[in-house]
Amino acid sequence: MTVSLTDAKSAELFARASRVLPGGVNSPVRAMRSIGRDPLFVERAEGVDLIDVDGNRFVDWVCSWGPLIHGHAHPQILTAIHEAAAAGTTFGAPTALEVELAEEVVRRVPSVEMLRMTSSGTEASMSAIRLARAATGREVVVKFAGAYHGHVDGLLADAGSGLATQGIPASAGVLESATRATVVVPWNDVAAVEEAFARHDVAALIAEPYPANMGLVLPEPGFLARLRELTEAHGALLIFDEVISGFRVAPGGAQELSDVTPDLTVMGKVIGGGLPAAAFGGSQALMERLAPVGDVYQAGTLSGNPLAVAAGLASLRMLDETAYLRLSETTEALATGLREAAGDRPVQVASVGGLVTVFFSEQPVRDYADARRCDHEAYARWCRGLLARGVYAPPSGYEAWFVSLAHAPEHVARTLEAAAAAFEVAW
Ligand SMILES: *Cc1c(COP(=O)(O)O)cnc(C)c1O
């Protein structure tokens, strides 16, 4: 059976967009280049229904790449935004809402006594690194290959030639001097991390505790605990970038589930409830190094914006124990169903509460090198097959599917039916 999409209006918008926006988009993954097609322009969305400008309707498993844990246009979040907006959209002065959101975060996240809000995860990780360097008086930051911490110059680094040597710029325009103090090591490789600590005076190690930007690649047992031991033994800070895992895999994020407490935590996505908000936090002693108390400068015109904070608060307050149970059940049903639909094809499905990745690989994926060896061409064909069957999955094999509380068993069932049919055409 051949199925295809009508996308004349998207194509027309894309042509216009490409004249005034580089690549027609404001963030690269939206262009759908890695699945070999042009983007679909969204008209509106509600719950998990995403409707494009040509009237195609999809079950959305991207959910804006993480913020929409309650699905699109949740009535309580919309009400919170409307109420906040009616009182004024920004003041450049403190509000009660910011205090309430900060209190909600501190209650949930084990490592966070105090936090500073920003407008994006990029700013939050950039600021966390600045704070870590100030607090330790050292320069080197260790990061993992395939981990993403936003488009911070110093963190846009690839592994250099030898293990545990300085990173090389992963983008044009990033100076070698900006990545000279970044060391990139493979995920799940204890020996490489040990070598990095033996060779460098490390200020901080930054990790996504449940990496989800090379696809979901969970830490092997004991790996996060070993990172904690090594950082502590060497007087370096451990930074968990929980922009994806925070408030998603558990109320307190991956640090709660793994029982490993970092010094600093970077938060984003869910914390803004679909509006631009992010944060970083840690102990009072560390966080009070920030201006205006301390000597580390950090600021933002729209940081703690009332609309974003109201949306984030409404989002967090709906995340009770039942919500996490339900999210886990939906995730498990999707992951198990995808495994069954794949049958004996070379497919690996990784999952944890609220996150799923489908790797087109014979072997389980344990690091970025494995993720790169996957059959990304087959994934692209499968993903286009899903789109044609009304399922909007991440248009890249290096991303996670974002499960929301708006995904019901019927959405999982429809997705699995499409997945099985699309597997037939993927190879
Ligand atoms: C999305 C993401 C970021 C960057 O957040 P932005 O708000 O896009 O700047 C940082 N870290 C991780 C783990 C992310 O997934």
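Residues numbered from 1 in each chain as written. Predicted model: local features only at pLDDT ≥ 70, side-chain atom pairs only at ≥ 80, totals over all residues. Heavy atoms only, no water.

**Quick notes on the domain arrangement of the chain**
Accessible area lost upon the coming together of the parts is a frequently used measure of interface size.
For step 1, the next point in the chain: We note that the domain assignment places domain 1 (8-61 + 320-424) and domain 2 (75-318) within the chain.
For step 2, the next point in the chain: The C-alpha centroid of domain 2 is placed 25 Å from the C-alpha centroid of domain 1.
For step 3, the next point in the chain: Taken together, the contacts link 22 residues of domain 1 with 20 residues of domain 2.
For step 4, the next point in the chain: Around 1800 Å² of area is buried between domain 1 and domain 2 when both sides are counted, 60% of it from carbon and sulfur atoms.
For step 5, the next point in the chain: Summed over the three residues of domain 1 that lose the most area to domain 2, namely Tyr324, Arg366 and Tyr368, the buried surface amounts to 34% of that side.
For step 6, the next point in the chain: Where domain 1 packs against domain 2, one counts one salt bridge.
For step 7, the next point in the chain: Between glutamate 220 and arginine 366 there is a salt bridge, with the nearest N and O atoms lying 2.7 Å from each other.
For step 8, the next point in the chain: Here domain 1 and domain 2 share eight residue pairs in polar contact (both at pLDDT 80 or more) between them.
For step 9, the next point in the chain: At the level of elements, helix 11 (321-342), strand 13 (348-352), strand 14 (355-359) and helix 12 (368-372) are the ones that each hand at least two residues to the side of domain 1 that touches domain 2.
For step 10, the next point in the chain: Here the side of domain 1 that touches domain 2 is built from residues that sort into 14 nonpolar, four polar and four charged. (Domains from an automatic or database assignment. Contact = heavy atoms within 4.5 Å. Buried area = accessible area lost by both parts, 1.4 Å probe. Salt bridge = Lys/Arg side-chain N within 4 Å of Asp/Glu carboxyl O. Polar contact = N/O pair within 3.5 Å; in protein donor to acceptor, adjacent residues only side chain to side chain. Helix = DSSP H or I, 4+ residues; strand = E, 2+ residues; numbered from the N terminus. Nonpolar A, V, L, I, M, F, W, Y, C, P; charged D, E, K, R; others polar.)

**Some words on the sheet that holds strand 8 (residues 182-185)**
For step 1, the next point in the chain: Pairing in this open sheet of seven strands is mixed, and the strands run 4-12-11-10-9-5-8 from one edge to the other. With partners counted over all chains shown, the strands left at the sheet margins are strand 4 (114-118) and strand 8, one partner each. Here the strands of the sheet are splayed against their neighbours by 20 degrees on average, with no regard to which way each runs.
For step 2, the next point in the chain: Strand direction decides the pairing type here: strand 11 (residues 264-267) and strand 12 (residues 278-282), joined by four bridges, are antiparallel. When the bridges of strand 12 are listed, leucine 264 appears paired with glycine 282.
For step 3, the next point in the chain: Contacting strand 4 and strand 11, helix 3 (residues 96-108) crosses the sheet at an angle of about 125 degrees to strand 4. (Pairing = 2+ DSSP bridges. Axes fitted to C-alpha atoms, helices over the stretch in contact; angles between N-to-C directions.)

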